[in-house]
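The primary structure of each chain is shown beneath.
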Amino acid sequence: MSTTTVKAPAAPPEQQRSEARTEPDTRISLRAHVRHTSALVRRNLLWIKQDAESMLDAVLMPIVFTLLFVYVFGGSVGQSLGGGRDEYIQYAIPGLMAMTGMNMAMGVGTGFNQDFQTGVMDRFRSLPISRSSVMTAKIVVELLRMLIATAILLTVALIIGFSVESVPGLLASVGLALAFGVGLMWIFLTMGVVMKSAQAIQGMGFLVLMPLQFGSSIFAPTTSMPGWLQAFTDYNPLSSLADAARGLMNGGTPVAHDVWVTLIWSVVMTGVMAPIAIHKFRTRT
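Described in the following lines is the structure provided in the data block. Just so it is clear, the structure is predicted and the values come from calculations on it, not from any experiment.

The rules behind each value
- Residues numbered from 1 in each chain as written.
- Predicted model: local features only at pLDDT ≥ 70, side-chain atom pairs only at ≥ 80, totals over all residues.
- Heavy atoms only, no water.
- Helix = DSSP H or I, 4+ residues; strand = E, 2+ residues; numbered from the N terminus.
- Buried < 20%, exposed > 50% of the residue type's maximum accessible area, 1.4 Å probe, protein only.
- Contact = heavy atoms within 4.5 Å.
- Areas by Shrake-Rupley, 256 points an atom, 1.4 Å probe, with all protein chains shown as cover.
- Salt bridge = Lys/Arg side-chain N within 4 Å of Asp/Glu carboxyl O.
- Core = buried A, V, L, I, M, F, W, Y, C linked by side-chain atoms within 4.5 Å.
- Polar contact = N/O pair within 3.5 Å; in protein donor to acceptor, adjacent residues only side chain to side chain.
- Phe/Tyr/Trp six-rings, centres within 6.5 Å; stacked < 30°, edge-to-face > 60°.
- Lys NZ or Arg CZ within 6 Å of the ring centre and 35° of its normal.
- Axes fitted to C-alpha atoms, helices over the stretch in contact; angles between N-to-C directions.
- Left-handed = near helix turned anticlockwise from the far one by under 90°.

**Brief notes about the overall build of the protein chain**
Step number 1: Helices and strands together make up the secondary structure of the protein chain, namely 11 helices and zero strands.
Step number 2: Counting from the amino terminus, helix and strand elements in the protein chain follow one another as α-α-α-α-α-α-α-α-α-α-α.
Step number 3: Taken across its 285 residues, the protein chain has 46% of its residues classed as buried.
Step number 4: For the protein chain, long-range pairs separated by at least 24 residues make up 78% of all intrachain contacts whose partners lie at least 6 apart in sequence.
Step number 5: Of the accessible surface of the protein chain, which amounts to about 14,800 Å², a share of 66% is contributed by carbon and sulfur atoms.

**Regarding the pattern of salt bridges**
Step number 1: Scanning the entire structure with this criterion turns up two salt bridges.
Step number 2: Taking the shortest distance from any N to any O, the salt bridge between R145 and E142 comes out at 3.1 Å. With a gap of three residues between them, R145 and E142 both fall in helix α6 (residues 131-159), about one helical turn apart.
Step number 3: The partner of R246 in a salt bridge is D243, with the nearest N and O atoms 2.8 Å apart. One end of the pair, R246, and the other, D243, are both in helix α10 (residues 237-250), three residues apart, so they sit about a helical turn from each other.

**Description of the nonpolar core**
Step number 1: Counting residues in hydrophobic clusters, the biggest one holds 70 residues, and the most contacted among them are F112, V134, M135, M185, W186, F188 and F281.
Step number 2: Examining the composition of this core, we find that 16 residues originate from one element, helix α4 (residues 85-117), more than from any other.
Step number 3: In this view, M185 contacts M104, A105, V108, I139, E142, L143 and M146; residues no more than four positions away in its chain are not counted.

**Overview of the side chain of N236**
Step number 1: Note on placement: N236 falls in the loop between α9 (227-235) and α10.
Step number 2: At 2.9 Å, the side chain of N236 forms a polar contact with the backbone oxygen of G215.
Step number 3: Here N236 is in contact with L212, G215 and S216, once residues within four sequence places are set aside.

**Some remarks on the packing of aromatic side chains**
Step number 1: Across all of its chains, the model carries six aromatic pairs by this definition.
Step number 2: With a centroid separation of 5.0 Å and an interplanar angle of 35 degrees, the aromatic rings of F214 and F219 are classed as tilted.
Step number 3: Given the relative accessible area of 45%, F214 is considered partly exposed.
Step number 4: The structure contains a cluster of three or more aromatic residues connected by ring pairs, namely F65, F69, F73, F214 and F219.
Step number 5: One Lys or Arg, R246, reaches over the ring of Y91 and ends 3.8 Å from the middle of that ring.

**Things to note about the packing of helix α3 (residues 56-80) against α4**
Step number 1: Interhelical geometry of α3 versus α4 gives an angle of 145 degrees and a closest axis separation of 9 Å. In this structure, the crossing between α3 and α4 has a hand that is right-handed.

Structure, rendered in structure tokens:
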């Protein structure tokens, strides 16, 4: 007597793709996460090596912004600070460090979106790797680019007369800017997943970042601003970051409040946006 084996019906293609996207994360160990992230970091670094022009923003923007603001606005703004251009150099450089993280953050969003457009992300999502490792690798590489940009900024600043009063304060300022930059990067990674084009991300980024940059204490003191704008700058996290970096590097002013505000913003942005970005990446069709 023969027996007949009944096969279960195959899952629809959409369900198969969904399972392929969600199952690997639950099976991969922490060591595998680290290994996958390291491999993807190496892949991204090799891509930068082949496309050296992608480093132009990290290399040239710190030089251009430093020379532009110091020699165009330094004399007049420096007088309001009770000195001249030399006084403005001490004021502006910590603020420009804070701005560097914002520019790098917008770059990670546009680059991530372009990888979707070229089909690279489809290849990654078909592999048995952690979805979070793809995004973490992007952030690690952008942090390295941010460190390079910060080193160039400080080198130019030292050449034109900037003096560092506290080396530990300088290192703490760099660490604070990196932490804040990570939070911003998760926001732009989310935008890179949900928005349709890199141009849309750039447009939205400038629309949001420009008011934050110029409505802060990065470039000039806020005492001469209208009352409503001063109220905005008081709650602007860029003002807290710039003031914290300024106090840590130059000394003479209390920084505990600004440091804590910056750290809280960094933790909140990362804690809220990282799960959203990973979920959107995992479920994107």
